[in-house]
Amino acid sequence: MHKLFDVTGKVAVVTGGSRGIGAMIAEGFVINGVRTYITARKPDELEATAARLSTLGECIPIVSDLSTVPGIQQFAAAVRERETALHILVNNAGATWGAPIDEFPESGWDKVMCLNVKSVFFLTQQLLPALRAARTDADPARIINIGSVNGITNSHSENYGYSASKAAVHQLTRQLGADLAREGVNVNAIAPGLIPSKMTAHMLAHEAELVKAIPVGRMGSAEDVAGTAIYLSSRASAWVTGHVLVLDGGLVAES
């Protein structure tokens with residue numbers, strides 16, 4: 001029972017780690033002694049986040065475009081050049097697109113599906129050797145996929161591709177969770193509700209109204225997100241795989 005939540009000395013990759021939920025998770029890891037690689041497309045934003053987090057611990061930025069398989073392969077190769085073993089992979093990078101159903105473009109649908117679903121599968125594939133190398137009998141390697149409550153309940157918005165993509169992430173998590181557990185790699189997902197970020201900024205003008213629908217009575221915080229990721233990365237969750245952990249203050253339960 002000693003140090004069940006200790007993640008000190010582990011190595012992690014957080015995609016989409018320059019801002020939002022990815023940056024929240026990366027900060028939680030760095031503060032708790034995890035050597036953390038963050039990746040995103042925009043160099044300036046990525047470098048700024050890495051510089052800030054590096055004052056708290058070890059954070060290494062690698063610019064990448066995970067929307068294509070060549071981009072995924074290039075990033076994975078860069079990680080493998082630096083690390084022979086990877087304890088934690090957080091598949092967080094994502095995009096959204098909103099439009100009325102009669103106007104919803106193929107380009108928007110493809111953008112969301114490629115980054116939110118395709119990149120999750122193929123980056124997992126590329127980094128599996130390093131994850132397998134990090135596992136121990138007592139403490140498996142971990143993959144944490146970031147889903148959404150929009151993949152569980154009706155979002156009541158016109159983000160059709162996003163909702164479908166997150167439902168796909170949840171199902172992929174279940175299947176990989178069972179398949180890879182036999183190789184010492186646990187796979188789980190976090191399905192966040194309303195967390196302040198650039199992706200949810202357009203909703204925050206209606207914050208008071210939105211919070212009324214949340215039983216806990218507030219939006220999620222950086223600590224809520226980081227704490228959940230740390231639990232799923234620690235020995236405390238060694239027997240948990242293939243599950244979607246809903247982090248929403250009771251919103252889904254209320255619906």
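Figured I'd write up the structure that's included with this text.

Procedures and definitions
Residues numbered from 1 in each chain as written. Predicted model: local features only at pLDDT ≥ 70, side-chain atom pairs only at ≥ 80, totals over all residues. Heavy atoms only, no water. Helix = DSSP H or I, 4+ residues; strand = E, 2+ residues; numbered from the N terminus. Rg over C-alpha atoms; globule rule 2.2 N^0.38 Å. Buried < 20%, exposed > 50% of the residue type's maximum accessible area, 1.4 Å probe, protein only. Contact = heavy atoms within 4.5 Å. Areas by Shrake-Rupley, 256 points an atom, 1.4 Å probe, with all protein chains shown as cover. Pairing = 2+ DSSP bridges. Axes fitted to C-alpha atoms, helices over the stretch in contact; angles between N-to-C directions. Patch = residues over 30% accessible without salt bridge, like charges linked within 9 Å, V, L, I, M, F, W, Y side chains within 5 Å. Salt bridge = Lys/Arg side-chain N within 4 Å of Asp/Glu carboxyl O. Arc of directions from axis to C-beta. Right-handed = clockwise from strand over helix to strand, strands pointing away. Parallel < 35°, antiparallel > 145°, perpendicular 65-115°, else oblique. Left-handed = near helix turned anticlockwise from the far one by under 90°. Nonpolar A, V, L, I, M, F, W, Y, C, P; charged D, E, K, R; others polar.

## Details of the overall build of the protein chain
Alright, step 1. A tally of helices and strands in the protein chain yields eight helices and seven strands.
Alright, step 2. Relative to the compact-globule value of 18 Å for 255 residues, the protein chain shows a C-alpha radius of gyration of 17 Å, a close match.
Alright, step 3. When each of the 255 residues of the protein chain is scored for burial, the buried share is 49%.
Alright, step 4. A separation of at least 24 residues holds for 72% of the contacts in the protein chain among residues at least 6 apart in sequence.
Alright, step 5. Carbon and sulfur atoms make up 55% of the accessible area of the protein chain, which amounts to about 12000 Å² in all.

## Remarks on the sheet that holds strand 7 (residues 244-247)
Alright, step 1. Spatial ordering of the open sheet is given by 3-2-1-4-5-6-7, a layout of seven strands whose pairing is parallel. Whereas interior strands pair on both sides, the edge strands pair on one side only; in this sheet they are strand 3 (59-63) and strand 7. Across the sheet, the mean angle from the axis of one strand to that of its neighbour is 20°, orientation sign disregarded.
Alright, step 2. With five bridges joining them, strand 1 (residues 11-15) and strand 2 (residues 35-40) adopt parallel strand pairing. Bridge pairing in strand 2 links Ala12 to Thr36.

## Remarks on a nonpolar patch on the surface
Alright, step 1. Together, Ile101, Trp109 and Tyr160 make up an exposed nonpolar region whose accessible area comes to about 310 Å².
Alright, step 2. Relative to the helices and strands, Tyr160 is located in helix 5 (residues 160-181).
Alright, step 3. According to the relative accessible area criterion, Tyr160 is partly exposed, its value standing at 34%.

## A short note on helix 2 (residues 43-53)
Alright, step 1. All buried positions along helix 2 are accounted for by Leu46, Thr49, Ala50 and Leu53. Along helix 2, the residues classed as buried sweep out an arc of 100° about the axis, all on the same side.
Alright, step 2. Those residues of helix 2 that are buried lie in contact with helix 1 (20-31), strand 2 and strand 3.

## Re the pattern of salt bridges
Alright, step 1. Per the counting criterion, the structure on display carries nine salt bridges.
Alright, step 2. Here Glu45 ties to Arg19 by a salt bridge, and the two come within 3.4 Å at their closest N and O atoms. Linking Glu45 in helix 2 with Arg19 in the loop between strand 1 and helix 1, this pair joins segments that are 26 residues apart in sequence.
Alright, step 3. What makes Glu45 partly exposed here is its relative accessible area of 28%.
Alright, step 4. With relative accessibility at 36%, the residue Arg19 sits in the partly exposed group.
Alright, step 5. A salt bridge links Arg135 to Asp137; its shortest N-O distance comes to 3.3 Å.
Alright, step 6. A single network of salt bridges, built from pairs that share partners, joins Lys10, Asp139 and Arg142.

## Considerations on the pairing of strand 3
Alright, step 1. The pairing of strand 2 with strand 3 spans five bridges and is parallel. Of the residues in strand 3, the one forming a bridge with Thr36 is Cys59.
Alright, step 2. Read from strand 2 through helix 2 to strand 3, the crossover connection turns out right-handed.

## Points about the packing of helix 1 against helix 2
Alright, step 1. Here helix 1 crosses helix 2 at 30°, and the two axes come no closer than 10 Å. By the angle class used here, helix 1 and helix 2 are roughly parallel. The crossing of helix 1 and helix 2 is right-handed. Packed against helix 1, whose contacting residues are Ala23, Ala26, Glu27 and Val30, the element helix 2 presents Thr49, Arg52 and Leu53 at the interface.
Alright, step 2. For the contact of helix 1 with helix 2, the per-class residue count stands at four nonpolar, one polar and two charged.

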